[in-house]
Amino acid sequence: METNVKLGLNVAEVVSNNPETVLTAVLKERVNAIHHIYGEDSARIVKEVNGKGIRSWKTFFTNALRVYKARGTEADYYSALSHSFEIGKTYEIEEISRGVNEERADLGMDPYFRRINSQCEEDFLKVFYVESVYSSVIEPGKKPKFVGYKPILQIKA
């Protein structure tokens, strides 16, 4: 099975701006853990994957393995999702929901009946490593408003 990775500009910039960056022991372990999936791109990916929650190593690795191991309709679904969204473009939850539901319908998959937006968001996050995007306009005394997600790394089966 061949797995392709499409890297966004952020990942390429990390590597090109820091070519002498040395991998720590932990990062080397992570490179080894995903090398069978990503090959020579593994080090660049590991350098980009950091953070908590949806940007954590554990979340990324779990999703990478899920997509890598997918077969049949599930693999077709992940591949279709990866083609439905562009790297570097910000998507609101409503746009993600429309795109995911369209791909599910096109593949003859059952629709989501409850928590539709949440389930579509979960599927989107299985296929993309993202940056969360917040409004640049912040009202005094309030937190920045969540706008959506910007895919920076695309995984496709």
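Up top is the structure.
Residues numbered from 1 in each chain as written. Predicted model: local features only at pLDDT ≥ 70, side-chain atom pairs only at ≥ 80, totals over all residues. Heavy atoms only, no water.

1. Section: the overall build of the protein
Within the protein, the secondary structure is distributed over seven helices and three strands. Tracing the protein from N to C terminus, the helices and strands come up as β-α-α-α-α-α-α-α-β-β. Split into buried and exposed, the 157 residues of the protein put 35% on the buried side. Here the protein displays about 9200 Å² of accessible surface, and carbon together with sulfur accounts for 50% of that area. (Helix = DSSP H or I, 4+ residues; strand = E, 2+ residues; numbered from the N terminus. Buried < 20%, exposed > 50% of the residue type's maximum accessible area, 1.4 Å probe, protein only. Areas by Shrake-Rupley, 256 points an atom, 1.4 Å probe, with all protein chains shown as cover.)

2. Description of helix 4 (residues 57–69)
In a regular helix each residue adds 1.5 Å, so 13 residues correspond to 18 Å; helix 4 covers 18 Å between its end C-alpha atoms and thus fits that length. Among the residues making up helix 4, those that are buried are W57, F60, N63, A64 and V67. Seen from one end, helix 4 has its buried residues packed into an arc of 140°, which puts them on one side. Summarising the geometry of helix 4, the exposed residues directed more than 90 degrees from the buried face are K58 and K69. (Expected span 1.5 Å × (residues − 1). Arc of directions from axis to C-beta.)

3. Here we look at the pattern of salt bridges
As enumerated under the stated definition, the model contains six salt bridges in all. The salt bridge involving D123 is made with K126; its shortest N-O contact spans 3.5 Å. Of the two residues, D123 and K126 are both situated in helix 7 (residues 116–127); the distance of three residues between them amounts to about one turn of the helix. A relative accessible area of 4% places D123 in the buried class. The closest approach of N and O atoms between E139 and K142, which form a salt bridge, is 3.8 Å. For E139, a relative accessible area of 48% gives the class partly exposed. Judged by its relative accessible area of 54%, K142 falls in the exposed class. (Salt bridge = Lys/Arg side-chain N within 4 Å of Asp/Glu carboxyl O.)

4. Things to note about helix 6 (residues 93–106)
Taking 1.5 Å per residue, 14 residues should reach 20 Å; helix 6 reaches 20 Å between its end C-alpha atoms and fits that length. Of all the residues in helix 6, the buried ones are I93, I96, S97, G99, V100, E103 and R104. Once helix 6 ends, the next one or two residues include G108, with phi positive near 75°.

5. Let's talk about the nonpolar core
If you look at the biggest cluster of nonpolar residues, it comprises 34 residues, and the most contacted ones within it are Y38, F60, F85, I96 and F124. Mapped by element, the contributors of at least two residues to this core are helix 2 (25–38), helix 3 (42–48), helix 4, helix 5 (72–84), helix 6, helix 7, strand 2 (128–134) and strand 3 (146–156). Other than its neighbours up to four places away in sequence, F60 contacts I34, Y38, I45, V49, Y129, L153 and I155. (Core = buried A, V, L, I, M, F, W, Y, C linked by side-chain atoms within 4.5 Å. Contact = heavy atoms within 4.5 Å.)

6. Here's the deal with the packing of aromatic side chains
In total, this model carries 13 aromatic pairs according to the counting rule given. On the basis of an interplanar angle of 35° and a centroid distance of 6.0 Å, the ring pair of Y77 and Y78 is categorised as tilted. Just as Y77 is buried, Y78 falls in that class too. Here the aromatic rings of F146 and Y149 are separated by 5.1 Å at their centres, their planes lie at 65°, and the arrangement is edge-to-face. (Phe/Tyr/Trp six-rings, centres within 6.5 Å; stacked < 30°, edge-to-face > 60°.)

7. Quick look at the packing of helix 2 against helix 4
Here helix 2 crosses helix 4 at 25°, and the two axes come no closer than 11 Å. With respect to their mutual orientation, helix 2 and helix 4 come out roughly parallel. As for how helix 2 packs across helix 4, the hand of that crossing is left-handed. Across the interface between the two elements, R30, A33, I34, H36, I37 and Y38 from helix 2 touch W57, F60, F61, A64, L65 and Y68 from helix 4. (Axes fitted to C-alpha atoms, helices over the stretch in contact; angles between N-to-C directions. Parallel < 35°, antiparallel > 145°, perpendicular 65-115°, else oblique. Left-handed = near helix turned anticlockwise from the far one by under 90°.)

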